[in-house]
Amino acid sequence: MSSPSTRPASPDIPSTASSAPDGGKVLVLRNARVGLGGPLRHILIVGGRVAAVREEPPGAAEIRDIAAGHPAVEEVALDGATVLPGLWDAHVHSVQWAQARRRIDLSGARSAREAAELVLPHLQLSGPAAEVITGYGFRDALWPDEPHRSLLPEDHPVVLISNDLHMAWLSGAALALIGRADHPTGVLREAECANAMIALPPPPPELLDRWVAEATTAAAAVGVTGMLDFEMADNVTDWLRRVQRQTVDVRVVCSIPRVALDEAIARGLRTGDTVPGSGGLLEVGPVKMFVDGSLNTRTAYCDDPYPGTGDRGRLETPPDELAATMAHAARHGLHPAVHAIGDLASAIALDAFESVGCPGRIEHAQLVRAEDFARFARPGLVAGVQPAHAPDDREVADTHWCGRTSRAFAYADLLAAGAAMEIGSDAPVSPLDPWDGIASAVARTDDERPPWHPEQAISLRDALAAASRGRSSVREGDPADLMILERDPSLLTPEELRRPGVLGALVGGRWTHR
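Residues numbered from 1 in each chain as written. Predicted model: local features only at pLDDT ≥ 70, side-chain atom pairs only at ≥ 80, totals over all residues. Heavy atoms only, no water.

With that out of the way, let us pick up the overall build of the chain. When you go through the chain residue by residue, the secondary structure sums to 15 helices and 21 strands. Compactness check: the chain gives a C-alpha radius of gyration of 23 Å against a globular reference of 24 Å for 514 residues, within 12% of the reference. With the C-alpha coordinates of the chain rotated into their principal frame, the extents come out at 75 × 55 × 55 Å. In the chain, the share of contacts with a sequence separation of at least 24, taken over all contacts with a separation of at least 6, comes to 72%. As displayed, the chain offers around 20000 Å² of accessible surface, 53% of which is attributable to carbon and sulfur atoms. Of note, the chain has its 48 positive side-chain charges centred 3 Å away from the centre of its 69 negative side-chain charges. (Helix = DSSP H or I, 4+ residues; strand = E, 2+ residues; numbered from the N terminus. Rg over C-alpha atoms; globule rule 2.2 N^0.38 Å. Contact = heavy atoms within 4.5 Å. Areas by Shrake-Rupley, 256 points an atom, 1.4 Å probe, with all protein chains shown as cover. Lys, Arg positive; Asp, Glu negative; His and termini not counted. Charge placed at Lys NZ, Arg CZ, Asp CG, Glu CD.)

Set out below in structure tokens:
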């Protein structure tokens, strides 16, 4: 930890900020250190965009001229604080993340019985007997026992959700709520799990919207200015309602579930379009499709079987169907985002992109064949990765992908092959905090354990660019989506990098965190 004397003086950032958009404001950020190890500069923001980055500060007369026609002028002395492009979380499940922040934490459970015991104190505090008790975050891949409905209270609705969101474990009363009272184990995977989550009674929409908006404010506090939302919902409609009714502190790219593809086409939605009425905050995103499941649930589709099972995972969408669906979407201006975790799944996704010839994304790409890395370099293809999963899942990978982990979470190999890479959290699988992913990508560990496959570490500069939608500098003409840091991240240890001291964040020139 650096001594206090090495820190810059605390910049003059007021402690309160208006939640109203400031697209018409003139903002001058004085004495900002621009970029990693960058020089001191003065940043002029006009109409929500970076108008100038210069050595000499704008004078009072110039500011008066620029301010003509603008409602306000604000000048902030940053005293050497570092300004970088704002962060993007390129893979979020917004409603699930907002709910997970309020759920029973099961991440520490080391057995099914221990996870069930964590629920018991909450039953006594839950109020009405029909209230659903929800826990989140268990990882059962290395547990000595199996989850089963018999371990949960039969007469109270209890829903426990795995960390990777691909498995749900329900009590008898919860199964009855979704019409599955006769299910033998209460353990639902993949499509069964997704359908169960949809069937469970949700909180009131206005309450969920408030929780989601609060989550965007928390995201802004760690420097996030945008996110790609993969919630299984009508994200365009839901987010438009949110931005029109309350303050939302990030930009949102709104994905489209595959089941809603034809409806999206009928509505004229096209990937990359700004959503009308959103004040420029919302953009139509890609169509989410699935090739396989997940590592922790042992449903990722792999070339080699999982040890002792003879099972290679689960193929959710056959190759011909995947290519046909991608082509259908692409003909109507909608890009695919293809979930692929196992190496066979990644190969199937790459084959489909080569067949269809459209731009899009491959989400996760956790295990990749050695010969397939170069195929990620095709123009218009983005690899959406989650580096925080690597230290979380290293023991599971060592167990279930034994002998193949040199090409698991292989971010250095992806970049070396020329892939365009974007970092996300997959919140709530990992917290909605890109610094967790950045630090994990750089250090390949998140605790006292030695780095896991350190040859796959990437540079801080590359990690920041991947977490900023490819932006690596503050340039004139860019949207004023910026973050202000207490210290230059290049001076921090990996542990300090997880808490870099975010002093401020701006979206389109509006303060979202101060």
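Turning our eyes to something else, we now look at the packing of aromatic side chains. For the structure on display, the rule yields four aromatic pairs. Ring plane angle 85° and centroid distance 6.0 Å describe the contact between Phe 138 and Trp 169, whose orientation is recorded as edge-to-face. With Phe 138 in strand 8 (residues 133-138) and Trp 169 in strand 10 (residues 167-170), this residue pair connects regions lying 31 residues apart in the sequence. As far as the burial class goes, Phe 138 and Trp 169 line up, both buried. By way of ring pairs, the aromatic residues Phe 138, Trp 143 and Trp 169 are connected into one cluster. Lying over the aromatic face of Trp 239, Arg 242 brings its terminal NZ or CZ to 4.7 Å of the ring centre. We note Lys 288 situated over the ring of Phe 230; from NZ or CZ to the ring centre the distance is 4.8 Å. (Phe/Tyr/Trp six-rings, centres within 6.5 Å; stacked < 30°, edge-to-face > 60°. Buried < 20%, exposed > 50% of the residue type's maximum accessible area, 1.4 Å probe, protein only. Lys NZ or Arg CZ within 6 Å of the ring centre and 35° of its normal.)

Further remarks concern the sheet that holds strand 13 (residues 251-257). Pairing is parallel in the open sheet, where eight strands are placed in the order 6-12-13-14-15-16-17-18. Each end of this open sheet is capped by a strand with a single partner; those strands are strand 6 (87-92) and strand 18 (420-423). Mean inter-strand twist for the sheet, computed between neighbouring axes without regard to direction, equals 25°. Alignment of strand 17 (residues 381-385) against strand 18, held across four bridges, turns out to be parallel. (Pairing = 2+ DSSP bridges. Axes fitted to C-alpha atoms, helices over the stretch in contact; angles between N-to-C directions.)

Leu 334, Ile 362, Phe 376, Trp 401, Trp 435 and Ile 438 are the most contacted members of the largest nonpolar core, which has 96 residues in total. Discounting residues that sit within four places of it in the chain, Phe 376 has contacts with Leu 350, Ile 362, Ala 365, Val 368, Leu 381, Ala 383, Leu 414 and Ala 419. Core analysis: the second largest hydrophobic core is formed by 17 residues, Leu 29, Val 50, Leu 78 and Val 83 among them. (Core = buried A, V, L, I, M, F, W, Y, C linked by side-chain atoms within 4.5 Å.)

Here we take up the environment of Asp 79. With respect to the helices and strands, Asp 79 occurs in the loop between strand 4 (73-77) and strand 5 (82-85). When the C-alpha atoms of Asp 79 and Leu 40 are compared, they prove to be 9.1 Å apart, with 39 residues separating the residues in sequence.

Considering every residue of the chain, the mean pLDDT works out to 92; 94% of them sit at 70 or more. A low-confidence stretch, residues 1-20 stays under pLDDT 50, and its non-local contacts, those more than four residues away or across chains, total 35 contacts. (pLDDT = per-residue confidence, 0-100.)

What follows covers the pairing of strand 15 (residues 336-340). The buried fraction of strand 15 amounts to five of the five residues, a majority that puts the element mostly inside the structure. Judged by which residues are buried, strand 15 turns out to be covered on both faces: Pro 336, Val 338 and Ala 340 on one side and Ala 337 and His 339 on the other are all buried. Relative to strand 15, strand 14 (residues 282-290) runs parallel, the two sharing four bridges. When the sheet's bridge partners are listed, Met 289 is paired in strand 15 with Val 338. As a crossover connection, the stretch from strand 14 through helix 9 (residues 319-331) into strand 15 is right-handed. In the sheet, strand 15 pairs with strand 16 (residues 360-364) via four bridges, with the strands oriented parallel. Bridge pairing in strand 16 places Val 338 opposite Ile 362. Between the parallel pair strand 15 and strand 16, the chain is carried across by helix 10 (residues 343-356), and the sense of this crossover is right-handed. (Right-handed = clockwise from strand over helix to strand, strands pointing away.)

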